[in-house]
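Residue strings, one per chain:
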Amino acid sequence: MNNNLLFTVVIPTYNRGALIVNTLETVFNQSYRNFEVIVVDNNCSDQTAILAKEKGARVVFEPINQISRARNAGACVARGKYLFFVDADTQISNELLLLSLQRLEGGECGGGGSTVVFDSNQNQFFFGSFMPYFWSWISKTFKLAAGSFIFCDKKTFFEAECFSEKLFAGEEILFSINYKKRCKKKSLTFEIVEDFPVVTSSRKLVWFNPLQILFTILIPLFFPWVLRSKRFCSFWYRRPVN
């Protein structure tokens with residue numbers, strides 16, 4: 001068992017068998033070899049765990065459906081020096097991974113995220129293009145990482161108290177805020193990489209109406225306490241909250 005891995009990629013997933021294969025292929029298609037991939041089976045009922053193992057990922061099980069718990073479960077068993085959190089419906093480039101590692105290894109950056117684009121506009125030409133642009137502007141302006149891609153130092157991750165398991169949505173916003181505070185104490189930056197955006201699934205354009213998507217971005221910024229209510233999150237998003 002190699003306990004001196006450079007980094008660990010943590011992929012939380014709940015019934016993403018149809019998408020996780022492409023995600024894993026982009027993750028494993030890296031020039032680095034000194035890393036591991038952990039897929040966190042967040043109580044899946046499909047073939048996600050089997051497909052992940054077939055692709056070479058280490059699978060761990062988290063029985064409680066909540067993305068914060070899933071990410072934290074992966075981090076707790078990670079052997080890498082650095083952590084990369086990638087959503088199961090997201091594809092990252094080799095260039096983004098290399099640049100993020102360079103930032104971490106450079107000694108001045110403590111972590112960060114990336115700008116985001118959808119894989120399709122789902123024939124919603126305005127919102128399919130506007131929403132990722134709007135989020136990327138918020139992300140760059142306020143230095144907030146999207147949950148689809150976050151990179152950080154493992155030690156600092158735990159010092160920042162991981163992802164809040166009190167929130168049922170928007171947990172990446174609170175994490176970014178807490179993690180930035182830890183970075184500041186260490187005189188480290190928290191950066192949003194613009195050069196190589198991650199490509200994430202546009203399924204949110206099908207699941208949610210434009211107002212829901214807009215508030216998904218704004219609520220964590222201005223009313224984060226609301227996201228502690230599982231009942232509210234289930235009602236607002238009209239979907240079970242994982």
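Being a predicted model, the structure only gives us computed values, none of them experimental.

**What about helix 3 (residues 67-77)?**
- Every buried residue of helix 3 is listed here: Ser 68, Ala 70, Arg 71, Asn 72, Ala 73, Gly 74 and Ala 75.
- On its buried face, helix 3 is in contact with strand 1 (5-13), strand 2 (35-41), strand 4 (80-86), helix 6 (154-159) and helix 7 (171-185).

**Points about the pattern of salt bridges**
- Going through the model one piece at a time under the given rule, you end up with 11 salt bridges.
- Close ionic contact of Asp 87 with Arg 71 constitutes a salt bridge, the shortest N to O distance being 3.2 Å. Taken together, the residues Asp 87 in the loop between strand 4 and strand 5 (90-91) and Arg 71 in helix 3 connect sequence positions 16 residues apart. Arg 71 carries the same exposure label as Asp 87, and that label is buried.

**Points about the side chain of Asp 41**
- Here Asp 41 is to be found in strand 2.
- Buried within the structure, Asp 41 lacks any salt-bridge partner; Lys 53 is the closest side chain of opposite charge, at an N-O distance of 7.7 Å.
- For Asp 41, the contacting residues outside a window of four places in its chain are Thr 13, Ala 49, Val 59, Val 60, Phe 61 and Glu 62.

**Some words on the nonpolar core**
- Ranked by size, the top nonpolar core spans 34 residues in total, and within it Phe 7, Val 9, Ile 11, Leu 24, Val 37, Phe 84 and Phe 149 carry the most contacts.
- When residues of this core are assigned to their parent elements, the largest contribution, five residues, is made by helix 4 (residues 94-105).
- Apart from the residues lying within four places of it in its own chain, the contact partners of Phe 7 are Tyr 32, Asn 34, Phe 35, Glu 36, Gly 80, Lys 81, Tyr 82, Phe 84, Leu 97 and Leu 101.

**With respect to the packing of aromatic side chains**
- One pass over the full model with this rule turns up 17 aromatic pairs.
- Where Phe 7 meets Phe 84, the ring centres are 5.2 Å apart and the plane angle is 65 degrees; that geometry is what we call edge-to-face. Here Phe 7 is found in strand 1, whereas its partner Phe 84 is found in strand 4, with 77 residues between them in sequence.
- When its relative accessible area of 0% is taken as the criterion, Phe 7 is described as buried.
- Where Phe 84 meets Phe 151, the ring centres are 6.2 Å apart and the plane angle is 25 degrees; that geometry is what we call stacked. Of this pair, Phe 84 sits in strand 4 while Phe 151 sits in strand 7 (residues 149-153), placing them 67 residues apart in sequence.
- Members of the aromatic cluster, each reached through a chain of ring pairs, are Phe 7, Phe 28, Tyr 32, Phe 35, Phe 84, Phe 149 and Phe 151.
- Above the ring of Phe 163, the side-chain terminus of Arg 71 is found at 5.0 Å from the ring centroid.

**Focus on the pairing of strand 1**
- Within strand 1, nine of the nine residues are buried, which leaves it mostly tucked inside the rest of the structure.
- Looking at chain direction, strand 1 and strand 4 are connected through five bridges and run parallel. Note on strand 4: the bridge partner recorded for Thr 8 is Leu 83.
- Two elements, strand 1 and strand 2, share seven bridges in a ladder whose sense is parallel.

**Let's talk about the state of the cysteines**
- According to the stated counting rule, one finds zero disulfides in the structure shown.
- Summary of cysteine pairing: Cys 76 is not part of a disulfide, and the nearest cysteine sulfur, belonging to Cys 162, is at 5.9 Å.
- Classification of Cys 76 as exposed rests on a relative accessible area of 56%.

**Re the sheet that holds strand 5**
- Overall, mixed pairing links the eight strands, which are arranged 3-2-1-4-7-6-8-5 in an open sheet. Sheet topology places strand 3 (58-61) and strand 5 at the edges, where each strand pairs with a single neighbour.
- Two elements, strand 6 (residues 109-118) and strand 8 (residues 189-200), share eight bridges in a ladder whose sense is parallel. Counted as the bridge partner of Val 116 is Val 198 from strand 8.
- Of the strands in this sheet, strand 6, strand 7 and strand 8 touch helix 7, which is tilted by about 30 degrees from strand 7.

Conventions we followed
Residues numbered from 1 in each chain as written. Predicted model: local features only at pLDDT ≥ 70, side-chain atom pairs only at ≥ 80, totals over all residues. Heavy atoms only, no water. Buried < 20%, exposed > 50% of the residue type's maximum accessible area, 1.4 Å probe, protein only. Helix = DSSP H or I, 4+ residues; strand = E, 2+ residues; numbered from the N terminus. Contact = heavy atoms within 4.5 Å. Salt bridge = Lys/Arg side-chain N within 4 Å of Asp/Glu carboxyl O. Lys, Arg positive; Asp, Glu negative; His and termini not counted. Core = buried A, V, L, I, M, F, W, Y, C linked by side-chain atoms within 4.5 Å. Phe/Tyr/Trp six-rings, centres within 6.5 Å; stacked < 30°, edge-to-face > 60°. Lys NZ or Arg CZ within 6 Å of the ring centre and 35° of its normal. Pairing = 2+ DSSP bridges. Disulfide = S-S within 2.5 Å. Axes fitted to C-alpha atoms, helices over the stretch in contact; angles between N-to-C directions.

As far as function goes, none of this settles anything; it's purely spatial.
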